[in-house]
Amino acid sequence: MFMVTGNAAKVIRRLAERERAPDGAGLRIAADPRAGELTVGLSPRPSRGDTVLQAGGAYLFLCPVALQALDDKALDATMTEDGDFDFVMADQPR
């Protein structure tokens, strides 16, 4: 099952606050079939068919393709020196 670290949840909450997103907004991870990769971005609400996860007060919206691709992954995040955020996918600790 996809996992979200406490750091990632904190960064998602801060990102939503910084962008003045509406209550219930979250980080959406979705497949981009043209590019053959996953995209990540703040979304005011989930899209139809998304799985909604809540972790540490933060919401994540995963499209079905992303949910399957990330099943054994963990999302972590850090804040950079210039105030930006970096998200990192890693294998879950065993």
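Above this note sits the structure.
These notes cover the structure that comes with them.

Rules and cut-offs
- Residues numbered from 1 in each chain as written.
- Predicted model: local features only at pLDDT ≥ 70, side-chain atom pairs only at ≥ 80, totals over all residues.
- Heavy atoms only, no water.
- Core = buried A, V, L, I, M, F, W, Y, C linked by side-chain atoms within 4.5 Å.
- Buried < 20%, exposed > 50% of the residue type's maximum accessible area, 1.4 Å probe, protein only.
- Helix = DSSP H or I, 4+ residues; strand = E, 2+ residues; numbered from the N terminus.
- Contact = heavy atoms within 4.5 Å.
- Pairing = 2+ DSSP bridges.
- Salt bridge = Lys/Arg side-chain N within 4 Å of Asp/Glu carboxyl O.
- Polar contact = N/O pair within 3.5 Å; in protein donor to acceptor, adjacent residues only side chain to side chain.

1. Looking at the nonpolar core
Formed by 21 residues in total, the largest nonpolar core has its most connected members in Phe2, Val4, Ile29, Leu60, Leu62 and Leu75. Going through the elements one at a time, helix H1 (6–18), strand S2 (26–32), strand S4 (51–55), strand S5 (58–62) and strand S6 (73–79) are the ones with two or more residues in this core. Broken down by element, the residue count for this core peaks at five residues, all from H1. When residues no more than four places from it in sequence are discounted, the contact partners of phenylalanine 2 are Ile29, Leu53, Leu60, Leu62, Leu70, Asp71, Lys73, Leu75, Met89 and Gln92.

2. What to know about the pairing of S2
Direction of pairing for S2 relative to strand S3 (residues 37–43): antiparallel, over a ladder of seven bridges. Each residue of the ladder has a partner; that of isoleucine 29, found in S3, is valine 40. Bridge analysis of S2 against S5 gives four bridges, and the strand direction is parallel. In the strand pairing of S5, isoleucine 29 is matched with leucine 62.

3. With respect to the environment of glutamate 81
In this fold, glutamate 81 is placed in the loop between S6 and strand S7 (85–91). The exposure class of glutamate 81 is exposed, given its relative accessible area of 89%. Once the C-alpha coordinates of glutamate 81 and aspartate 50 are considered, the two residues, 31 residues apart in sequence, prove to be 33 Å apart.

4. Details of the pattern of salt bridges
Pairing between side chains of opposite charge can happen when their charged atoms approach one another. Under the counting rule described, the total for this entry stands at four salt bridges. Residue aspartate 72 is joined to lysine 73 by a salt bridge in which the shortest nitrogen-to-oxygen separation is 3.9 Å. For aspartate 72, a relative accessible area of 43% puts it in the partly exposed group. With a relative accessible area of 22%, lysine 73 lands in the partly exposed category. The residue lysine 73 makes a salt bridge to aspartate 91 at a minimum N-O spacing of 2.6 Å. Residue lysine 73 is located in strand S6, and its partner aspartate 91 is located in strand S7; the two are separated by 18 residues in the primary sequence. Overall, aspartate 91 belongs to the exposed group, its relative accessible area being 53%.

5. Thoughts on the environment of threonine 80
By secondary structure assignment, the location of threonine 80 is in the loop between S6 and S7. Owing to a relative accessible area of 23%, threonine 80 belongs among the partly exposed residues under this scheme. Through-space distance from the C-alpha of threonine 80 to that of leucine 62 is 25 Å; in sequence the pair is 18 residues apart. With near-sequence residues (within four places) excluded, threonine 80 lies in contact with Phe85 and Asp86. A polar contact is formed between the side chain of threonine 80 and the side chain of aspartate 82, at a distance of 2.3 Å.

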